[in-house]
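# Close look at the chain arrangement
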Amino acid sequence: MSETNLTSAPGEMLSSQAIKEEMLKIYPAKTRRKRDKQILANNPDAPQEIGANSRTIPGIITQRGCTYAGCRGVVLGPIHDIAHITHGPVGCSFYSWLSRRNLVRPVKPGDTNYLQYCMTTDMQEEEIVFGGEKKLAQACREAYEIFHPKAIAIYATCPVGLIGDDVHAVARKMTEELGINVCAFSCEGYKGVSQSAGHHIANNGVFKHMVGRDDTPQTSPYSINVLGEYNIGGDAWAIDELLRKCGIHVVSTLSGDVNYTQVCNAHTANLNVVMCHRSINYMAEMMDTKFGIPWFKVNFIGAVGTAKSLRKIGQFFGDKALIDRIEEVIAQEMAVLRPIQNDVKSRCNGKKVALFVGGSRAHHYQDLFADMGMETISAGYEFAHRDDYEGRTVLPTIKVDADSRNIEEIHVDADPTRYNPRKTPEQMAELAAGGFSFKDYDGMMRQMKKNSLVIDDISHHEMEKLISICKPDVICSGIKDKFVIEKLGVPCKQLHSYDYGGPYAAFVGAANFYQEIDRMVNTKVWKYIVPPWKKSPELQASMTYNPKPAKEESAQARKIARKLKAEEEAI
Ligand code: CFM
C-alpha cells in the first residue's frame with residue numbers, strides 16, 4: 001500500500017504524526033490527552049483504536065449537533081405526511097425547520113407534504129415552572145384539527161427533560177383521543193454526546209411504533225428498502241430512478257421523500273441495503289431479527305461504488321435476467337459518464353482533498369474523489385463510532401460508557417407470525433461460499449492510505465493547522481466551518497447541504513459532483529484571498545498565541561513550526 005504525501009510541495013514528505021503534534025501542542029494537558037486519542041496516523045492494514053463517540057471538550061468549537069437534531073431533523077424529519085411537533089422553546093423548532101435539504105416531491109394529487117410547516121408548543125416560562133403537558137396535548141389536538149395527519153410525532157427538547165414532562169403519557173392519551181398513531185421521542189438535546197444518540201432513539205421509536213403496521217404484500221420479487229438515505233439534494237431520487245431502470249422496486253427509503261404508509265410497510269421488502277451505516281444500522285439489525293430481512297452495506301456515491309452496489313443486489317437475488325439488466329444499465333450509464341470523468345480527471349488528477357463530515361459522508365465521498373484521480377490526505381467524522389472508522393469487527397470490543405448507556409437498547413425477538421427468512425440456510429451458505437457478505441461495513445480507515453491523517457470531531461484550531469501545513473486543494477465540510485476554510489484561501493464544498501447543488505448519488509450525481517469540484521479547484525480566485533489577520537497586526541497578535549511547546553515535540557514538528565513562522569513573517 002503506497003503512502004500518502006500530506007503536502008503538495010514538491011520534494012517534501014511530512015509525517016502525519018508530526019502534523020498531529022503541531023496541532024496538539026497548543027492545548028492544555030487534559031485536552032491534549034483526549035485529542036491525542038482522536039487523531040491518528042492511519043495504517044490501513046491494521047487500523048488502530050480511535051477515540052470516537054465521546055464528549056466534546058467544551059470551548060473547542062465542534063461541528064456536532066444535538067440529540068434532538070439527530071432524531072427529529074435527520075431520521076424522522078423527512079417523513080412528509082405526519083405532523084412533527086417539537087415540544088420546547090420556539091428556537092429548537094425554528095432551527096429544524098427546512099434547514100436540512102431533505103427534499104420532497106409530492107407525485108400525485110392528494111399527496112401530502114407538511115414539511116414546510118413548523119409545529120411547536122413554543123414553551124414559555126409558565127410551562128417551564130408549571131409543566132407543559134397540557135399545552136402539548138392542546139398542540140396535538142390543533143394539529144389534528146387543521147391537518148388530519150395519519151400520525152403525529154412529538155419530540156422532547158432539553159427543558160422538557162429537565163422539568164420532567166411525560167411526553168409518552170401525552171402521546172398515549174392523544175392516540176386514544178384522536179384515534180391516530182401519536183408517538184413521542186425522548187430525544188432531549190443533551191441526552192447523548194451528539195446527534196448520533198438521536199439516530200438511535202429515532203430508530204427505536206420508528207421500529208416500535210411504525211414499521212410493521214401495514215402488511216400489504218409486495219408484488220415485485222425484487223423489492224428492497226434503501227436505509228440511511230435522506231434525499232439530500234435529490235440523492236434518493238437519483239438512486240430510485242437507477243434502481244427502477246434495473247427492475248428493482250424500492251418499498252421505502254428511510255428516510256428520504258417517504259410517507260408514513262411506506263414506513264409502516266417497509267417490513268414486507270425482501271432486502272435492506274444500507275447507505276449511511278451510522279444513522280440506521282440499528283434499524284437494519286432489528287428488521288433482520290424480527291422479520292428475517294437480511295442487510296448489507298452499499299454506496300451509491302461514486303461510479304465504482306454504485307456499480308459495485310448494483311451488482312451485489314443482483315447477486316443477492318440471483319436471477320439471470322436481473323443480473324443481465326443491471327449490466328446493461330451500468331454500461332449505458334458509464335457510456336455517458338466516462339467522457340465527463342476523463343475530461344475532469346485531466347485537470348483534477350493528483351489534487352488533494354480533506355473531508356470532515358457527519359458520520360458517513362467523509363468516507364463515501366472519498367470514492368467520488370478517487371474517480372477523479374484526487375487523493376484524500378485527511379478525513380474524519382464528526383460523531384461516528386469506532387465501527388464506522390475501524391469496521392464492524394470491533395463492535396464487541398467497544399466499551400459502553402455512561403453516555404451511551406443512557407440510550408435505550410431495545411430487545412427484539414423474531415415475530416411469531418411474520419418472521420420469514422428471505423433466504424434458506426443453504427442459499428445463505430452458497431452466497432457466503434461465493435464471497436458474499438452481509439452486515440459488512442469495513443469502516444473508513446481500511447480504505448484510506450497509509451500516513452493519511454484521521455481526525456475525529458475536528459476543532460477549528462486543528463482545521464487551521466491542517467490548512468496551513470498541508471494546503472489541500474479542497475476541503476469538504478459544513479456551514480459551521482465553511483467560511484473559516486475559505487477565508488484561509490481553500491475552497492470548501494459543503495457535504496451536508498451540498499451548497500444548493502446535487503444530486504451527487506448514482507451515475508447522474510457523480511457527473512454533477514465531478515463538474516462542480518473541477519470548477520472549484522481549478523478557479524484562480526482562491527489565490528487572491530488574504531485572511532484578515534494577515535493584513536491586520538492586531539488580529540495577527542491574537543492569532544499567534546503560542547505557549548511553550550511540549551518537551552516531546554519531534555524534530556519534524558519543530559521544522560513545521562519554523563516553516564509556519566517564516567511564512568507568517570514573510571507576509
Ligand atoms: Fe448519515 Fe446523513 Fe451522514 Fe447523518 Fe447528518 Fe446528513 Fe451528514 Mo449532515 S444521516 S451520518 S446526521 S449521511 S445531516 S444526510 S450530511 S451530518 S454525513
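Our subject in this report is the structure included herewith. Everything quoted here is computed from the prediction, not taken from an experiment.

Moving on to the overall build of the protein chain. Across its full length, the protein chain carries 24 helices and 14 strands. Taken over C-alpha atoms, the radius of gyration comes to 24 Å for the protein chain, in line with the 25 Å a tight globule of 571 residues would show. Counting across all 571 residues of the protein chain, residues that qualify as buried make up 57%. Within the protein chain, contacts between residues separated by at least 24 positions form 77% of all contacts whose residues are at least 6 apart in sequence.

On to the pairing of strand S4 (residues 151-156), then. Burial runs high along S4: 6 of the 6 residues are buried. The side-chain alternation of S4 yields two buried faces, one formed by Ala151, Ala153 and Tyr155 and the other by Ile152, Ile154 and Ala156. Note that strand S2 (residues 83-87) and S4 share 5 bridges and pair parallel. Looking at the pairing, isoleucine 85 lines up with isoleucine 154 of S4. Summarising the sheet, S4 and strand S5 (residues 181-185) pair through 5 bridges and their orientation is parallel. Its bridge partner being in S5, alanine 153 is matched across the sheet by cysteine 183.

Here the focus is empty space enclosed by the protein. Using the criterion set out here, one finds 2 cavities of 30 Å³ or more in the structure. Taken together, the residues of the lining of the second largest cavity break down into 2 nonpolar, 2 polar and 4 charged.

Another point: the site of the ligand. Within the structure, the ligand sits among 14 residues, and Arg100, His199, Cys276, Ser360 and His496 are positioned closest to it. The residue makeup of the shell around the ligand, split by class, is 6 nonpolar, 6 polar and 2 charged.

Once that is clear, we can look at the sheet that holds strand S6 (residues 223-227). A sheet is described by the order of its strands in space; here 4 strands give the open sequence S7-S6-S8-S9, paired in parallel fashion. Because the sheet does not close on itself, it has two edges, and the strands there are strand S7 (249-254) and strand S9 (295-297). On average, each strand axis in the sheet is inclined to that of its neighbour by 25°, with strand direction left out of account. Taken together, the 3 bridges between strand S8 (residues 271-274) and S9 define a ladder with parallel strand orientation. Counterpart to asparagine 272 in the pairing with S9 is tryptophan 295. The strands touched by helix H13 (residues 303-317) are S6, S8 and S9; relative to S8, the strand with the most contacts, the crossing angle is about 160°.

Further remarks concern helix H24 (residues 555-570). Between its first and last C-alpha atoms H24 spans 22 Å; for 16 residues at 1.5 Å apiece the expected length is 22 Å, and the two agree. Among all positions of H24, only Gln556, Ala557, Ile560 and Leu564 are buried. Relative to the axis of H24, the buried residues are bounded by an arc of 105° and lie together on one face. Facing away from the buried side of H24, by more than 90 degrees, are the exposed residues Ala555, Arg562, Lys565, Glu569 and Ala570. Where the residues of H24 are buried, they touch helix H1 (16-24) and helix H19 (460-470).

How each quantity is defined
Residues numbered from 1 in each chain as written. Predicted model: local features only at pLDDT ≥ 70, side-chain atom pairs only at ≥ 80, totals over all residues. Heavy atoms only, no water. Helix = DSSP H or I, 4+ residues; strand = E, 2+ residues; numbered from the N terminus. Rg over C-alpha atoms; globule rule 2.2 N^0.38 Å. Buried < 20%, exposed > 50% of the residue type's maximum accessible area, 1.4 Å probe, protein only. Contact = heavy atoms within 4.5 Å. Pairing = 2+ DSSP bridges. 1 Å grid on protein atoms, 1.4 Å probe; cavity = no way out; pocket = protein on both sides within 12 Å on 5 of 7 lines; lining within 4 Å. Points joined across faces, edges and corners; volume = space filled by probe spheres on them. Nonpolar A, V, L, I, M, F, W, Y, C, P; charged D, E, K, R; others polar. Near = heavy atom within 4 Å. Axes fitted to C-alpha atoms, helices over the stretch in contact; angles between N-to-C directions. Expected span 1.5 Å × (residues − 1). Arc of directions from axis to C-beta.

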